[in-house]
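Listed below, chain by chain, are the residues.
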Amino acid sequence: MSISLESFDNNQAAAIVSNDVAARVRAAREAVGYSIEDLAVTCGLANVEISEIESGLDQNPAKLKRIASALQLPLSDFLTVEI
């Protein structure tokens with residue numbers, strides 16, 4: 001069964017995508033064995049910035065790009081939404 005984002009209003013759809021990106025970033029970090037602190041040092045962001053991204057509060061493209069680079073992943077790994 002697939003879910004279409006068209007069945008949600010804009011705020012609901014944005015929350016779904018935000019949570020998906022956050023979960024993908026956290027999963028990628030954990031897959032390489034990094035703590036939030038390790039990733040922050042590697043990509044030059046503050047711990048709180050990583051936490052905000054992983055909790056879905058921040059989706060700054062520049063920060064996501066730095067995280068992807070630090071994890072040696074393409075940015076698209078975080079942004080691809082399968083519906």
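What counts as what
- Residues numbered from 1 in each chain as written.
- Predicted model: local features only at pLDDT ≥ 70, side-chain atom pairs only at ≥ 80, totals over all residues.
- Heavy atoms only, no water.
- Helix = DSSP H or I, 4+ residues; strand = E, 2+ residues; numbered from the N terminus.
- Buried < 20%, exposed > 50% of the residue type's maximum accessible area, 1.4 Å probe, protein only.
- Contact = heavy atoms within 4.5 Å.
- Core = buried A, V, L, I, M, F, W, Y, C linked by side-chain atoms within 4.5 Å.
- Arc of directions from axis to C-beta.
- Polar contact = N/O pair within 3.5 Å; in protein donor to acceptor, adjacent residues only side chain to side chain.

### Brief notes about unusual backbone geometry
Despite not being glycine, Q72 shows a phi value in the positive range, around 55 degrees. Note on placement: Q72 falls in the loop between α4 (61-70) and α5 (76-79). Q72 sits in the exposed class, given a relative accessible area of 72%.

### Some words on the side chain of R29
With respect to the helices and strands, R29 occurs in helix α1 (residues 10-31). Looking at R29, the relative accessible area reads 7%, which means it is buried. Non-local contacts of R29, meaning those with residues more than four positions away in its chain, are made with Y34, S35, I36, L39, E54 and L71.

### Considerations on the nonpolar core
Counting residues in hydrophobic clusters, the biggest one holds 16 residues, and the most contacted among them are V25, L39, C43, I50, I67 and F78. Every element with two or more residues in this core is listed here: α1, α2 (36-43), α3 (47-54) and α4. With near-sequence residues (within four places) excluded, I67 lies in contact with V25, L39, C43, L45, I50, I53 and F78.

### Observations concerning α4
Those residues of α4 that fall on the buried side of the exposure criterion are K63, L64, I67, A68 and A70. One face of α4 carries all of its buried residues, which in axial projection span an arc of 165 degrees. Opposite the buried face of α4, at more than 90 degrees from it, the exposed residues are P61, K65 and S69. By the N-cap criterion, in which a side-chain oxygen at the helix start approaches the backbone nitrogen of a residue two or three places on, α4 is capped by N60, the distance to A62 being 2.8 Å. Phi turns positive one or two residues past the end of α4, at Q72, with a value near 55 degrees.

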